[in-house]
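Chain by chain, the residues:
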Amino acid sequence: MGMVEGDVAEGVEARAVPAGEWEREPHPSDSLRTFGAVVQALREHAGLSRAELATRVRYSKHTVESVELGRRMPDIPFVDRAEEALGNTGALRKAARYLTRGEAGLAAWFRRWARLEREAVSLCTYECRLVPGLLQSEAYARAVFEGTIPLRTDEELEAQLAARMERQAMMRERPTVPFSFIVEEHVFRRRFGDAEAMRELFDHVLERSAPRNVTLQVVPLDGGLHACLDGPVRILETPEGQRLGYSEGQKNGRLISDAKEVSVLCQRYDTLRSQALNPKESRALLERLRGEL
């Protein structure tokens, strides 16, 4: 669930750093903020000021402050010395295992799922709003980001676009992992840009869904009502065999780990899979829609 093996966090370098001169994290993650809050709580419980803790861990007061505010990734010496200075409870060493850097271009609520995606042994996606991110053409993704509110700066937009294209590389790099997509037909009928941009989108989707490990099914307009009408959903299986779900709405997302909830999502997805067009019929539909442009 975003954790890494061993006693230190992913990205924490095993080397001493001169008096707190680390690079500031450009995109603080939730785990960094949480770790910092734990450091601050233990420090205050011990009756130490930031300057006093800085002396004990042999880093600057500025570094202690930055760690507590989630602005910097602590290295191994900092974690070990802070642990010793704050009671040897084991809390900091254990918490450090779950530290991850923020990821530019990804919404805060999606980062944990994005990390799980990269390790999943299977991934299922149902989408009724827009073309799934893993299948979007660059022009389509750009149009999506340009249309969001509040408006992004050019730098933020480019970071989001780069992150989305990087996620797509996962499909090419993992040819033995099954990727299943079920998408409503009206999603592909929603126009953006000109005819050439739409043709590019269809070509991109057809190309990305062509490999043997990728399955794309379309729910036709005349398919009627079905069990997934509550909204889009993603389901993955971890290397340990655990199934997890993810649902997303306006400005939020929820990781679902409760076995009963995930089981219901799997049942809904499997039922919809039987109601949607089969992969061959789905590709034929997309090719026909492309030809109508």
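## Structural notes on empty space enclosed by the protein
For step 1, the next point in the chain: Within this structure, the stated rule accounts for one cavity of 30 Å³ or more.
For step 2, the next point in the chain: There is about 30 Å³ of room inside the largest cavity.
For step 3, the next point in the chain: In terms of lining residues, the largest cavity is bounded by Thr125, Pro132, Gly133, Leu134, Arg167, Phe181 and Arg234.
For step 4, the next point in the chain: Class assignment of the residues belonging to the lining of the largest cavity gives a composition of three nonpolar, two polar and two charged.

## Quick notes on helix 7 (residues 138-146)
It helps to recall that an α-helix has 3.6 residues per turn; residues three or four apart then point in one direction.
For step 1, the next point in the chain: Within helix 7, the full set of buried residues consists of Tyr140, Ala141 and Phe145. For helix 7, the angular spread of buried residues about the axis comes to 135 degrees, placing them on one side.
For step 2, the next point in the chain: Contacts made by the buried residues of helix 7 are with helix 8 (154-173) and helix 10 (195-208).

## Some points on the packing of helix 10 against helix 12 (residues 279-291)
For step 1, the next point in the chain: Between helix 10 and helix 12, whose axes approach to 9 Å, the crossing angle comes to 160 degrees. When the axis of helix 10 is compared with that of helix 12, the two are roughly antiparallel. When you trace helix 10 past helix 12, the crossing you get is left-handed. Residues Arg199, Phe202, Asp203, Val205 and Leu206 of helix 10 form the contact with helix 12, whose own contacting residues are Arg283, Leu286, Glu287, Leu289 and Arg290.
For step 2, the next point in the chain: Here the contact of helix 10 with helix 12 is composed, by residue class, of five nonpolar, no polar and five charged.

## A few points about the sheet that holds strand 2 (residues 179-184)
For step 1, the next point in the chain: Taking strand neighbours across the sheet as the criterion, the six strands line up as 3-2-1-4-5-6 in an open arrangement whose pairing is mixed. Strands with a single pairing partner mark the edges of an open sheet, and in this sheet they are strand 3 (214-219) and strand 6 (252-256). Looking at each pair of strands side by side, their axes are set apart by 10 degrees on average, direction ignored.
For step 2, the next point in the chain: As paired elements, strand 1 (residues 122-127) and strand 2 share five bridges and run parallel to each other. Each residue of the ladder has a partner; that of Thr125, found in strand 2, is Phe181.
For step 3, the next point in the chain: Each of strand 1, strand 2, strand 3, strand 4 (233-237), strand 5 (243-249) and strand 6 is contacted by helix 11 (residues 259-275), which is oriented at about 70 degrees to strand 2, the strand it contacts most.

## Topic: the packing of aromatic side chains
For step 1, the next point in the chain: This structure, assessed with the given rule, holds four aromatic pairs.
For step 2, the next point in the chain: Between Trp113 and Tyr246, the ring centres sit 5.4 Å apart and the planes meet at 25 degrees, which makes this aromatic pair stacked. Of this pair, Trp113 sits in helix 6 (residues 111-119) while Tyr246 sits in strand 5, and the two are 133 residues apart along the sequence.
For step 3, the next point in the chain: Considering the side-chain rings of Phe188 and Phe202, the 6.3 Å spacing of their centres and the 35 degrees angle between planes classify their relative orientation as tilted. Of the two residues, Phe188 sits in helix 9 (residues 185-189) while Phe202 sits in helix 10, which places them 14 residues apart along the sequence.
For step 4, the next point in the chain: Overall, Phe188 belongs to the buried group, its relative accessible area being 2%.

Scoring rules and cut-offs
Residues numbered from 1 in each chain as written. Predicted model: local features only at pLDDT ≥ 70, side-chain atom pairs only at ≥ 80, totals over all residues. Heavy atoms only, no water. 1 Å grid on protein atoms, 1.4 Å probe; cavity = no way out; pocket = protein on both sides within 12 Å on 5 of 7 lines; lining within 4 Å. Points joined across faces, edges and corners; volume = space filled by probe spheres on them. Nonpolar A, V, L, I, M, F, W, Y, C, P; charged D, E, K, R; others polar. Buried < 20%, exposed > 50% of the residue type's maximum accessible area, 1.4 Å probe, protein only. Helix = DSSP H or I, 4+ residues; strand = E, 2+ residues; numbered from the N terminus. Arc of directions from axis to C-beta. Contact = heavy atoms within 4.5 Å. Axes fitted to C-alpha atoms, helices over the stretch in contact; angles between N-to-C directions. Parallel < 35°, antiparallel > 145°, perpendicular 65-115°, else oblique. Left-handed = near helix turned anticlockwise from the far one by under 90°. Pairing = 2+ DSSP bridges. Phe/Tyr/Trp six-rings, centres within 6.5 Å; stacked < 30°, edge-to-face > 60°.

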